[in-house]
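Residue strings, one per chain:
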Amino acid sequence: MTIQCKVKSIQPLACNTYQILLHPESPVSFKAGQYLMVVMGEKDKRPFSIASSPCRHEGELELHIGAAEHNAYAHEVVEAMKNALENDGEITIDAPHGDAWIREQSERPILLIAGGTGFSYVRSILDHCIAQNKTNPIHLYWGGRDERQLYAQQELKDIASNNSNVHFIPVVEEAPQQWDGKVGNVLQAVEQDFDSLAEYDIYIAGRFEMAGAAREQFTLNKQASSENMFADAYAFI
């Protein structure tokens, strides 16, 4: 469904990463873990995960967009958003999309894995699970190049401290001296921490290569079921 949106705000989250709040002209019904397409042209629609959860978004849609200047695909979208905000214009979206939404009826433990701004995907799922008072164990692994890319660390630590079933594990490739999280590749961190993933529902957001590697490694080495692994990438690879 195509919907016109006002851009309510644009705030920096980290270097070249922005939180964008959209106010659609009519309510958008979506499931936690789905994405929207920003319409840039008749045949140019660009996907971004919805960071807000369907039960607590109060009519607004939240996006987290990493838009370094060398990444024209995302950078052009942020520039269009800024232009709409400054000139009281509108952005057209097409939503909802994606089949990698939370399986709410499942009582299996949940493993959420994000690379970079893929965090927006798992954030929607996590927030929805908390709002629905789900008691499934939830492990959230978020990987980035350095600590600055993990812009919502404190929010996640607070959530974990207030919800005994939630466990947050940050992973960076380049660690500062006082780092108390894990160092290296986020998939390697998961493999180190779990003997088996046979009982888990696994939700993954990141580069297609990461999602593909996770499916291969986890099914081969950790007894994960591909039927219980979810990622938007799996519709294409």
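Quick caveat: nothing in here was measured; it's all calculated off a predicted structure.

*Asks:* Just to check I follow, could you spell out the nonpolar core for this structure?
*Replies:* Buried together is how nonpolar side chains tend to be arranged in soluble globular proteins. Within the largest apolar cluster, 29 residues are counted, with the highest numbers of intra-cluster contacts made by Leu112, Leu126 and Trp142. Elements supplying a minimum of two residues to this core: β7 (110-115), α2 (119-131), β8 (138-146), α3 (153-162), β9 (166-174) and β11 (201-205). If you tally residues by element for this core, the top one is α2, at seven residues. Beyond its immediate chain neighbours, meaning those up to four positions away, Leu112 contacts Val122, Ile125, Leu126, Ile138, His139, Leu140, Tyr141 and Tyr203. With 25 residues, the next largest nonpolar core counts Leu22, Phe48, Ile65 and Val78 among its residues.

*Asks:* Where do I start with the UniProt feature "domain: FAD-binding FR-type" (unreviewed entry) in the protein chain in this structure?
*Replies:* Residues annotated by UniProt as "domain: FAD-binding FR-type" (unreviewed entry) correspond here to residues 1-103. As annotated, residues 1-103 comprises 15% helix and 47% strand, and the C-alpha atoms at either end are separated by 23 Å.

*Asks:* Would you take a moment to explain unusual backbone geometry for this structure?
*Replies:* Most peptide bonds adopt trans geometry, and most residues besides glycine take a negative phi value. The amide bond that connects Ala95 to the next residue, Pro96, takes the cis arrangement and shows omega of -5°. If you trace the backbone, Pro96 turns up in strand β6 (residues 90-97). The residue Asn16 is not glycine, and still its phi comes out positive at about 65°. For Asn16, the location among the structural elements is in the loop between β1 (2-14) and β2 (17-24). Not every positive phi belongs to a glycine, and Gln223 is a case in point at roughly 60°.

*Asks:* Looking at this structure, how should I read the packing of aromatic side chains?
*Replies:* Two aromatic rings are characterised by how far apart their centres lie and by the angle between their planes. By the definition in use, this model includes seven aromatic pairs. Where Trp142 meets Tyr151, the ring centres are 5.1 Å apart and the plane angle is 85°; that geometry is what we call edge-to-face. A relative accessible area of 0% places Trp142 in the buried class. Aromatic rings pair up to connect Phe119, Trp142 and Tyr151 into one cluster.

*Asks:* For this particular structure, what's the right way to read the packing of helix α4 (residues 186-193) against helix α5 (residues 208-221)?
*Replies:* The geometry of α4 relative to α5 is characterised by a closest axis approach of 10 Å and an angle of 20° between their N-to-C directions. Put simply, α4 runs roughly parallel to α5. Every pair of crossing elements has a handedness; the one defined by α4 and α5 is right-handed. Note on element contacts: α5 touches α4 through Met210, Ala213, Ala214, Gln217, Phe218 and Asn221, opposite Val186, Leu187, Val190 and Glu191. When the residues that make up the contact of α4 with α5 are grouped by side-chain class, the tally is seven nonpolar, two polar and one charged.

*Asks:* Please clarify how the packing of α2 against α3 should be interpreted in this entry.
*Replies:* At a closest axis distance of 13 Å, the pairing of α2 and α3 adopts a crossing angle of 25°. In terms of orientation, α2 lies roughly parallel with respect to α3. Here α2 runs over α3; the crossing is left-handed. Contacts between α2 and α3 pair Phe119, Arg123, Leu126 and Ile130 from the former with Glu155, Leu156 and Ile159 from the latter.

Criteria and cut-off values
- Residues numbered from 1 in each chain as written.
- Predicted model: local features only at pLDDT ≥ 70, side-chain atom pairs only at ≥ 80, totals over all residues.
- Heavy atoms only, no water.
- Core = buried A, V, L, I, M, F, W, Y, C linked by side-chain atoms within 4.5 Å.
- Buried < 20%, exposed > 50% of the residue type's maximum accessible area, 1.4 Å probe, protein only.
- Helix = DSSP H or I, 4+ residues; strand = E, 2+ residues; numbered from the N terminus.
- Contact = heavy atoms within 4.5 Å.
- UniProt positions renumbered as here; feature names shortened; annotations may be inferred.
- Phe/Tyr/Trp six-rings, centres within 6.5 Å; stacked < 30°, edge-to-face > 60°.
- Axes fitted to C-alpha atoms, helices over the stretch in contact; angles between N-to-C directions.
- Parallel < 35°, antiparallel > 145°, perpendicular 65-115°, else oblique.
- Left-handed = near helix turned anticlockwise from the far one by under 90°.
- Nonpolar A, V, L, I, M, F, W, Y, C, P; charged D, E, K, R; others polar.

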